[in-house]
Structures are given as C-alpha cells and as structure tokens.
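Each chain, written out:
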Amino acid sequence: MTLRSARPLVLSGAGLALLAALGLAGPAGARPADAGSTTVSPAGHSFAATLNGQATFQAGSVTVTCNTSSSQPDGTTTNNQVPAAPGNTNAAGPVASSVNAPTYSDCSASIPGVTVSVTSSGAWGISMQNGSPITATMTIPQGGLVLQTSGLANCTVTAAPGGSASFGATFTNGTPSQLVVSGASVPITVTGGFGCPTAATASVFNATYDVTDTTDSTQQITVGS
C-alpha cells in the first residue's frame, strides 16, 4: 500500500472507502492449490448484498465514511443469482456468480469542503470457496469505479486502472449471512490539479455486507461442502 501526505489521503481514502462499500466482485477460478468442494445454496436463488453499518477508510487522522451501498438482482439477467444446479457445486474449488455493479451514496470525509460522486460500471462477480473460514475472492473490473471530487480539490480517482483487481474477503453463514472485507488493498490512479494525490497508487478499506435471499426471504444464502 502506498500512502502520501494528509491531504492526498483524504481523496485516496475516499475512493477506497467507496470501494469498501462496493464489496462485491470476484474472479471465477481463483483458488488455493488444496481447495476442497464448495456448494452455494439455494441453487438458482437470487441474492442482494446490503452494507451493514459503515464502510470506512482511515489513515492517520483522516477518515472517510460511506453509509449506503447495495447490489441488487435486476430480474432480467442471472446477475446476483446462485448458479442453478449442478453449477452451484464445484468438487474441487470455488463457485462463481456475476453481480450487478453496486450503487452507493451518503459518503463523506472527516475533513470538510470535499464533495464526492462515484460511478460504477462493467462486469462484477464473486467466487466463494468453502473452508474454515469460508473465503471469497472479489474483483473490481478495469476502471469499474470512478470517483470524482469537487470543492477544495477537483480530482478523479480510478480503481483498477491497469486491469481487473482482485482481493479477498470472508463469508459467514447466518441469518443473514455476511460478507466481510477487512484490510483489503486496491490499486488506483489519480488525476487532477492542486491538492490531488496524483502519486498515490493504492489504498485499503473495510466493510461488512448482509447477503440475503431475494427469491425466498425465509431462506438464507449459505456456503458448504
């Protein structure tokens, strides 16, 4: 992770706090060499991921907080859907699903005078691997998140500028099940004028998502063997 002075960290941190809120993405096929079997249930059910609490980025005295983010099924594609059987089971590795690019709002920096807007795009996904703990591998597509700031500094922060960027998370079965991103690092590039952290190349974020079954609210999205 590359960190700069306090002012640049405000904007770099804003980008990654929002990435924390985005939480959901993953390369199919990335798995440890000794990966065991994985089954995601219920087969064919759609799911939503909704931020639980706040996504935060902190470096020194600078904190960026994002309060709202979610990825929802659209009803017209297989995004945000557990694969239908038998695709929801992999005898020797993870099970992957595509997801819709999440929406996000209500983000602020601990230093006043900066307004943040964000656009997400591209193909997102998540791959789940059963184990102890259950792990998720997530990927932000190339340029899939663009953060723009205005006010004290007018900057553009682009996540995964050179290609899709992967990072890890953990998944816990429950009511609801949860996806937790903790201390993940994502590459960024920054362009802009005075006050923009143009030398920053990476930042770190944390967030928790509730993952719920939208096909049948009485059931839970779970990962097992």
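Residues numbered from 1 in each chain as written. Predicted model: local features only at pLDDT ≥ 70, side-chain atom pairs only at ≥ 80, totals over all residues. Heavy atoms only, no water.

A look at the environment of P187
Thought 1: Relative to the helices and strands, P187 resides in strand β14 (residues 177-192).
Thought 2: Along the backbone, P187 and A202 are 15 residues apart, and their C-alpha atoms lie at a distance of 4.2 Å. (Helix = DSSP H or I, 4+ residues; strand = E, 2+ residues; numbered from the N terminus.)

Re the confidence of the model for the protein
Thought 1: Taken residue by residue, the protein gives an average pLDDT of 79. The fraction at 70 or more is 78%.
Thought 2: Here residues 1-33 is modelled with pLDDT under 50, and outside its nearest four sequence neighbours on either side it reaches 126 contacts, counting other chains as well.
Thought 3: Low pLDDT (under 50) marks residues 58-62, which in the prediction has nine contacts with non-local residues, meaning those over four places away or in another chain. (pLDDT = per-residue confidence, 0-100. Contact = heavy atoms within 4.5 Å.)

Details of the state of the cysteines
Thought 1: One pass over the structure, following the stated rule, counts one disulfide.
Thought 2: In this model, C66 is linked to C107 through a disulfide, with the two sulfur atoms separated by 2.1 Å. Of this pair, C66 sits in strand β4 (residues 62-71) while C107 sits in strand β7 (residues 103-109), and the two are 41 residues apart along the sequence. (Disulfide = S-S within 2.5 Å.)

Notes on the sheet that holds strand β1 (residues 38-41)
Note on sheets: strands pair through backbone hydrogen bonds, and any given pair is parallel or antiparallel.
Thought 1: Taken together, three strands build an open sheet; the order of strands is β5-β1-β16 and the sheet is antiparallel. Of all strands in the sheet, those bounded by a partner on one side alone are β5 (89-90) and β16 (222-224).
Thought 2: Strand direction decides the pairing type here: β1 and β16, joined by three bridges, are antiparallel. Considered in β16, the bridge of V40 is made with V223. (Pairing = 2+ DSSP bridges.)

Let's talk about the pairing of strand β6 (residues 95-99)
Thought 1: The alternating pattern of β6 places V95, S97 and V99 on a buried face and A96 and S98 on a face that is not buried.
Thought 2: Bridge count between β6 and strand β9 (residues 124-129): five bridges; the pairing is antiparallel. The residue bridging S97 from the neighbouring strand is I126, located in β9. (Buried < 20%, exposed > 50% of the residue type's maximum accessible area, 1.4 Å probe, protein only.)

What about the side chain of S120?
Thought 1: Summarising the element assignment, S120 is placed in strand β8 (residues 114-120).
Thought 2: A polar contact is formed between the side chain of S120 and the backbone oxygen of P102, at a distance of 2.9 Å. (Polar contact = N/O pair within 3.5 Å; in protein donor to acceptor, adjacent residues only side chain to side chain.)

Description of the side chain of S46
Thought 1: Here S46 is to be found in the loop between β1 and β2 (47-51).
Thought 2: S46 sits in the buried class, given a relative accessible area of 15%.

Side note on unusual backbone geometry
Peptide bonds are mostly trans, and most non-glycine residues show a negative phi.
Thought 1: Along the chain, S132 connects to P133 via a cis peptide bond; the corresponding omega equals 5 degrees.
Thought 2: Summarising the element assignment, P133 is placed in the loop between β9 and β10 (134-140).
Thought 3: Each neighbour pair has its own omega, and for T175 with P176 the value is 0 degrees, a cis peptide bond.
Thought 4: Summarising the element assignment, P176 is placed in the loop between β13 (165-172) and β14.
Thought 5: The residue N80 is not glycine, and still its phi comes out positive at about 55 degrees.
Thought 6: With a phi close to 50 degrees, A160 is a non-glycine residue in the positive phi region.
Thought 7: You can see A160 is positioned in the loop between β12 (155-159) and β13.

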